[in-house]
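# Summary of the model geometry
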Amino acid sequence: MVTKQLNDSPDEADLTRADSLAREIFSDVANKWALLIIESLGEGTMRFSELRDKVEGISHKMLTQNLRMLERNGLVDRNVHPTVPPRVEYTLTEPGQALRATVDGMCDWTHRYFGHIEASRHRFDT
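Fair warning: this is a prediction, and the values are worked out from it, not measured in the lab. (Residues numbered from 1 in each chain as written. Predicted model: local features only at pLDDT ≥ 70, side-chain atom pairs only at ≥ 80, totals over all residues. Heavy atoms only, no water.)

### Topic: the overall build of the chain
Note the following rule: Per the convention used, a helix needs a DSSP run of H or I reaching at least four residues, while a strand needs a run of E reaching at least two, with both numbered from the N terminus. We compute the radius of gyration over the C-alpha atoms and compare it with the globule rule, which gives 2.2 Å times the number of residues raised to the power 0.38. Relative accessibility thresholds used throughout: buried, under 20% of the residue-type maximum; exposed, over 50%; partly exposed, between the two (1.4 Å probe, protein chains only). Working rule for contacts: check all heavy atoms of both residues, and any pair within 4.5 Å makes them a contact. Here the open area of atoms and residues is found with the Shrake-Rupley method and a 1.4 Å probe, where only the protein chains shown may cover a residue. A residue counts as positive if it is Lys or Arg and as negative if it is Asp or Glu; His and the chain ends are not included. Charge coordinates come from a single atom per side chain, which is NZ of Lys, CZ of Arg, CG of Asp or CD of Glu.
When helices and strands are tallied, the chain shows six helices and three strands. Its helices and strands in sequence order give the chain the pattern α-α-β-α-α-β-β-α-α, from N to C terminus. In terms of C-alpha radius of gyration, the chain reaches 19 Å, well past the compact-globule figure of 14 Å for 126 residues. Each principal axis of the C-alpha atoms in the chain carries an extent, and together these give about 60 × 50 × 30 Å. When the 126 residues of the chain are sorted by exposure, 25% land in the buried category. Expressed as a percentage of contacts within the chain between residues at least 6 apart in sequence, the contacts between residues at least 24 apart total 48%. Accessible surface, the chain: about 9500 Å² in total, of which carbon and sulfur atoms supply 54%. Treating the 16 positive side-chain charges of the chain as one cloud and the 20 negative ones as another, the clouds have centres 6 Å apart.

This is the structure in structure tokens:
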């Protein structure tokens, strides 16, 4: 295996790693299920079944995969209560809450330009 040596300063190497991480995280969270889960958990802590009911149309498998990905990226905390059966709750972390604010901004943008987007699509499609 050949490794590439960086002749850059540590600051430049850190920026390169940050850019790479950003692309990886954007790829992870830029799917409809992740965004809907983040939006739902912004309302408060929820159990798996509550989330599945809240995020309309999501399968058990997709919810599990997305929760694991969000937890891996530090956006969701998973808390297992030692009861029988175990009770598991999910909560947005501080970075998850910050991302939710960004998602809310995207939703606000959509509402603001809804008429423009609809008109443009109508012109394009006819």
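There is more to say, and it comes next.
### Section: the packing of helix 2 (residues 32–41) against helix 4 (residues 60–72)
Selection rule: Every axis in this analysis is a line fitted to C-alpha atoms, fitted for helices over the stretch in contact. Angles between the N-to-C directions lie between 0 and 180 degrees. If an angle is under 35 degrees, it is roughly parallel; if it is over 145, roughly antiparallel; if it lies from 65 to 115, roughly perpendicular; otherwise it is oblique. Polarity classes work like this: nonpolar for Ala, Val, Leu, Ile, Met, Phe, Trp, Tyr, Cys and Pro, charged for Asp, Glu, Lys and Arg, and polar for all others, with Gly in that last group.
At a minimum axis distance of 10 Å, the contact between helix 2 and helix 4 shows a crossing angle of 70°. By the angle class used here, helix 2 and helix 4 are roughly perpendicular. Between helix 2 and helix 4, the contacting residues are Trp 33, Ala 34, Ile 37 and Ile 38 on the first element and Met 62, Leu 63, Asn 66, Leu 67, Met 69 and Leu 70 on the second. Its residues placed into classes, the contact of helix 2 with helix 4 shows nine nonpolar, one polar and no charged.

### A closer look at the packing of aromatic side chains
What counts is decided by this rule: In this scheme Phe, Tyr and Trp rings, the latter by its six-membered ring, pair at centre separations within 6.5 Å, and the angle between planes marks the pair as stacked below 30 degrees, edge-to-face above 60, and tilted otherwise.
Tallied over the full model, the rule gives one aromatic pair. Plain terms: the ring middles of Trp 109 and Tyr 113 are 5.9 Å apart, the flat faces sit at 45° to each other, and that makes the pair tilted.

### Side note on the packing of helix 2 against helix 5 (residues 94–112)
Interhelical geometry of helix 2 versus helix 5 gives an angle of 110° and a closest axis separation of 9 Å. As the angle between them shows, helix 2 and helix 5 are arranged roughly perpendicular. Side by side, helix 2 and helix 5 meet where Leu 35, Ile 38 and Glu 39 of the first sit next to Gly 96, Leu 99, Arg 100, Val 103 and Asp 104 of the second. In the contact of helix 2 with helix 5, the residues fall into four nonpolar, one polar and three charged.

### Some remarks on the nonpolar core
Put simply, the test is: For our purposes a nonpolar core is just a set of buried Ala, Val, Leu, Ile, Met, Phe, Trp, Tyr and Cys residues, chained together by side-chain atoms within 4.5 Å.
Within the largest apolar cluster, 20 residues are counted, with the highest numbers of intra-cluster contacts made by Ile 37, Leu 41, Leu 51, Leu 63, Leu 67, Leu 70 and Tyr 90. Those elements that place two or more of their residues in this core are helix 2, helix 3 (48–54), helix 4 and strand 3 (87–92). With five residues, the single largest contributor to this core is helix 2. Excluding residues that lie within four positions of it along the chain, Leu 51 makes contacts with Ile 37, Ser 40, Leu 41, Met 46, Leu 63, Leu 67 and Tyr 90.

### Section: the confidence of the model for the chain
Convention followed: pLDDT is a residue-level measure of predictor confidence that goes from 0 to 100.
Averaged over the chain, the pLDDT score is 90; the fraction of residues at 70 or greater is 92%. Least confident of the elements in the chain is helix 1 (residues 10–29), whose mean pLDDT is 84; most confident is strand 1 (residues 46–47), at 98. For the stretch residues 1–5, pLDDT sits under 50, and the model shows zero contacts to residues farther than four places along the chain or on other chains.

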